[in-house]
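Structural overview
Listed here are the chains, written in short residue letters.
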There are 2 protein chains.
Amino acid sequence: MIKIAVDANGGDYGVNTTVSGSMLAIQKYKDLEIDLYGDEDQIKPLLTDSTRIHIHHTKDTISMGEKDPVRAIRHQKEASLCLAMKACKEEQADACVTSGPTQCVVVGAHLLVRRLPQMERVALCPFVPNLDGHPRLLLDVGANVELKKEHLGELAIFASVVSKEILGVKEPKVGLLNIGSEPGKGRENEKEAFAYLSEVKSIHFYGNVEPTEMVNCPCDVVVTDGFTGNICLKAIEGTAKSMGVMLSQEIKSSFGGKIGYLFMRKNLKRFKKRMSTKEVGGAMLFGLSKIVVKAHGNSDPVTYGNAICLAYDLVKANIIQKVVDQLPENKE
Amino acid sequence: MIKIAVDANGGDYGVNTTVSGSMLAIQKYKDLEIDLYGDEDQIKPLLTDSTRIHIHHTKDTISMGEKDPVRAIRHQKEASLCLAMKACKEEQADACVTSGPTQCVVVGAHLLVRRLPQMERVALCPFVPNLDGHPRLLLDVGANVELKKEHLGELAIFASVVSKEILGVKEPKVGLLNIGSEPGKGRENEKEAFAYLSEVKSIHFYGNVEPTEMVNCPCDVVVTDGFTGNICLKAIEGTAKSMGVMLSQEIKSSFGGKIGYLFMRKNLKRFKKRMSTKEVGGAMLFGLSKIVVKAHGNSDPVTYGNAICLAYDLVKANIIQKVVDQLPENKE
């Protein structure tokens, strides 16, 4: 049995998403058990099938607009997010899934789940949809605004293991996000990181990757600091969203467009699905002693269920032990 | 008469683009004169209409793959880019247009055209297409990998003048590119810049802008350092391009899609045009004592012609004098 602790009160829609999402996940994996940390009064009427799902009652929630993550995590000890993470730390669960506010999740992960002793930094890592249909890993996208070359090195090792075990990439290539493809491009940080990553033996370093290539990427893993990664990810998300709006405006702008739409409705739906991050379900937190998956705040039940399944897959693949096995070699 | 010096040998296609582009620009403005710096033997057969176009012969070109911009600018004194810039500096032309390699253009601008004495940094500023059809100014996108708050302040003033005079925005709002909308987000740089920009009297500071909003932007001008701006711009460009490919793949994937395309061909063409940066023609270099416009390396004649017209518009609007009038107030 693999047990996942779910922050049921978290996210924009709270139990309305997390409970349905949990029921979907349970259907997919027969050896999955879910502990819902949340408001029993709200959960019970929604939980139409409680097979392998247990409720741990708590009314407290960390607000999506929380401005002081450290204070929230330290003081709201009974918040659903904190209880779910604590359960992880205390070995009552194998992983934790939450759609709570990102910075609170990052702080909670540090204070409640704790880092792997072999890792110096924690990173937030989403899957980036790609032209060839194979998502790529981009990290860090927001856990640390700055990261040194050594941190990028250990995170590259972590992500390479995930790329191999979860995405099935045989020899994951690691790229460094940069403003030019040649060595010597970027700030001092990038120049140092380029030299350092070239020497890390347990990864396959590809070289610099420009953000133009991020959605049609020659690498499987792209590393950068959390500020730059966040800028890049949000630029991709915003452009994809705005282009969808523009396309729909143009189609609706004429009769011919509307007729054409009737013929290519299915094609356009597939197009939308390909660019959507919803299919994947969430971002992972790398560097912790347990698996933590952060689902989008505005996840729907399917997306949330996928986030739980991702956490399951990461536990099942024994990712953390495999990363630990790789790390010492690097530290020699 | 407004005279523009054109680096005719520069860019991926050299004279094949620059000569046709120049002839297009001449047709648009009757008080525009163009000095083509380039290979006379190649230009002459292409120059089917030499009205107000003069050739200044030079065979030397800065290669698009140039790895050492400082060396190139210092040593290739007879290169078309260097001669066109020198003509600007020596008041033989009012502005310079080039589609040469970006870093060589930036270095050439510094060494040959020179900064305004009131400005401490030069920035590269493209127009970013937006959902509402009004392009926005994003800077710096690559002239300086790092920029201090004071530099962002002076560049914000420069860009505000351009937004007002060229894009017709009455009171241009200036945003700071950041990973969150609330004050206090980002690195030390962003926190300091936020506080500083709030105090600059000659601009209208809006606050932080996230890259998700860059293509549907609440501001008219968005400032950031050249590393971050380049990451953001390239992520937008790459996503737009890849989405276009995905859309075309999906449409072609079924008979219904192909039929639908016949009906909405015009709509899809308009969509493509709206996301294209080609319409605008180029990026501007802010902070110099003369107007310099950098056209895309792979410009076609129409795009190149637009870049020349942009340079004309900037000269005609007397941008540099207007910026100088604004700057001292800020420096008090």
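Up top is the structure.
Residues numbered from 1 in each chain as written. Chains lettered and ligands numbered in written order. Predicted model: local features only at pLDDT ≥ 70, side-chain atom pairs only at ≥ 80, totals over all residues. Heavy atoms only, no water.

Here we take up the interface of chain A and chain B. Contact with chain A, which involves 54 residues of that partner, is made by 54 residues of chain B. Note on chain A versus chain B: buried area summed over both sides is about 4900 Å², and carbon and sulfur give 73% of it. On the chain A side of the contact with chain B, A:F227, A:M243 and A:M246 bury the most area, a combined 14% of that side's loss. Here chain A is connected to chain B by four salt bridges. Here B:K67 and A:E182 are joined by a salt bridge, their closest N and O atoms 3.9 Å apart. The interface formed by chain A and chain B includes six residue pairs in polar contact (both at pLDDT 80 or more). Among the secondary structure elements, those contributing two or more residues to the side of chain A that touches chain B are α8 (226-252) and α9 (255-275) of chain A. Broken down by element, the side of chain A that touches chain B gets its largest block of residues, 20 residues, from α8(A). Residue composition of the side of chain A that touches chain B, by class: 24 nonpolar, 19 polar and 11 charged. (Contact = heavy atoms within 4.5 Å. Buried area = accessible area lost by both parts, 1.4 Å probe. Salt bridge = Lys/Arg side-chain N within 4 Å of Asp/Glu carboxyl O. Polar contact = N/O pair within 3.5 Å; in protein donor to acceptor, adjacent residues only side chain to side chain. Helix = DSSP H or I, 4+ residues; strand = E, 2+ residues; numbered from the N terminus. Nonpolar A, V, L, I, M, F, W, Y, C, P; charged D, E, K, R; others polar.)

This part is about unusual backbone geometry. Backbone torsion omega between A:L139 and A:D140 reads -5°, so that peptide bond is classified as cis. Position of A:D140 among the secondary structure elements: in the loop between β7 (136-139) and α6 (149-167). Of note, A:E91 is a non-glycine position whose phi angle comes to about 65°, a positive value. Looking at the element boundaries, A:E91 is found in the loop between α4 (80-89) and β4 (95-98). With a phi angle near 55°, B:R52 is a residue other than glycine that sits in the positive phi range.

Further remarks concern the relation of the copies chain A and chain B. Look at the two chain copies: a rotation about an axis and a shift along it is all it takes to match them. Between chain A and chain B, the superposition needs a rotation of 180° and an axial shift of 0.0 Å, giving an RMSD of 0.0 Å. Here the transformation between the copies is reduced to the relation of a two-fold axis. Closest approach to the rotation axis within chain A is made by the C-alpha atom of A:G260, at a distance of 1.9 Å. When the interface residues of chain A are mapped onto chain B, 100% of them again lie at the interface, so the same face is used by both copies. (Least-squares fit on C-alpha atoms with pLDDT ≥ 70 in both.)

Each aromatic ring pair is specified by the distance between its two centres and by the angle formed by the two planes. All names here are of chain A. Overall, the coordinates contain six aromatic pairs over all chains when judged by the stated rule. Plain terms: the ring middles of Y29 and Y312 are 3.7 Å apart, the flat faces sit at 10° to each other, and that makes the pair stacked. With a gap of 283 residues between them, Y29 in the loop between α1 (15-28) and β2 (32-38) and Y312 in helix α10 (residues 301-316) connect regions that are remote in the sequence. With respect to class, Y29 is no different from Y312; both count as buried. (Phe/Tyr/Trp six-rings, centres within 6.5 Å; stacked < 30°, edge-to-face > 60°. Buried < 20%, exposed > 50% of the residue type's maximum accessible area, 1.4 Å probe, protein only.)

Once that is clear, we can look at the environment of A:V221. By the element assignment, A:V221 lies in strand β10 (residues 221-223). The exposure class of A:V221 is buried, given its relative accessible area of 0%.

All names here are of chain B. At a minimum axis distance of 9 Å, the contact between helix α6 (residues 149-167) and helix α7 (residues 188-199) shows a crossing angle of 45°. With respect to each other, α6 and α7 are oriented oblique. Of the two elements, α6 crosses α7, and the hand of that crossing is right-handed. Along the contact surface, α6 presents K149, E150, L152, G153 and A156, while α7 presents E192, A193, Y196 and L197. Among the residues making up the contact of α6 with α7, the classes are represented as five nonpolar, one polar and three charged. (Axes fitted to C-alpha atoms, helices over the stretch in contact; angles between N-to-C directions. Parallel < 35°, antiparallel > 145°, perpendicular 65-115°, else oblique. Left-handed = near helix turned anticlockwise from the far one by under 90°.)

Next up on the list: helix α7 (residues 188-199) of chain A. All names here are of chain A. Between the first and last C-alpha of α7 there are 17 Å, a value that for 12 residues agrees with the 16 Å anticipated at 1.5 Å per step. Considered for burial, the residues of α7 that qualify are E190, A193, F194 and L197. Mapping the buried residues of α7 onto a view down its axis gives an arc of 105°, with all of them on the same face. (Expected span 1.5 Å × (residues − 1). Arc of directions from axis to C-beta.)

This part takes up the sheet that holds strand β6 (residues 127-128) of chain A. Consider a sheet: its strands pair through backbone hydrogen bonds, and that pairing is either parallel or antiparallel. Residue and element names in this part refer to chain A. One open sheet accounts for five strands, arranged β6-β7-β10-β8-β9; its pairing is mixed. Lying at the two open borders of the sheet, with one neighbouring strand each, are β6 and β9 (204-209). Bridge count for β6 against β7 is two bridges, and the pairing is antiparallel. What sits directly across from F127, in β7, is L137. (Pairing = 2+ DSSP bridges.)

Another aspect to go through is the sheet that holds strand β2 (residues 32-38) of chain B. Residues and elements named next belong to chain B. The mixed open sheet is built from seven strands, whose spatial order is β3-β2-β1-β4-β12-β11-β5. Strand pairing shows two members of the sheet lacking a second neighbour, β3 (53-57) and β5 (123-125), which therefore form its edges. Here the strands of the sheet are splayed against their neighbours by 25° on average, with no regard to which way each runs. By the bridge criterion, five bridges tie β2 to β3 in an arrangement that is parallel. The residue bridging L36 from the neighbouring strand is I55, located in β3. Sheet contacts for helix α1 (residues 15-28): β1 (2-7), β2 and β3; angle to β2, the most-contacted strand, approximately 170°.

This part takes up the pairing of strand β8 (residues 173-177) of chain A. The buried fraction of β8(A) is high, at four of five residues. In this fold, the crossover linking β8(A) to β9(A) by way of α7(A) has right-handed handedness. (Right-handed = clockwise from strand over helix to strand, strands pointing away.)

Turning our eyes to something else, we now look at the side chain of B:T224. Residue and element names in this part refer to chain B. Within the secondary structure layout, T224 lies in the loop between β10 (221-223) and α8 (226-252). The exposure class of T224 is buried, given its relative accessible area of 2%. Ignoring anything within four residues of it in the chain, the contact list for T224 reads L138, L139, D140, L147, L152, L177 and G229.

To continue, consider empty space enclosed by the protein. All names here are of chain A. Evaluated as defined, the whole model comprises two cavities of 30 Å³ or more. Taken as a whole, the largest cavity holds about 50 Å³ of empty space. Residue composition of the lining of the largest cavity, grouped by class: four nonpolar, two polar and two charged. Here the second largest cavity defines a volume of roughly 30 Å³. The wall of the second largest cavity is formed by F158, V162, M284, L285, F286, I291, V292 and L314. (1 Å grid on protein atoms, 1.4 Å probe; cavity = no way out; pocket = protein on both sides within 12 Å on 5 of 7 lines; lining within 4 Å. Points joined across faces, edges and corners; volume = space filled by probe spheres on them.)

Function cannot be read off these values alone, since they describe shape.
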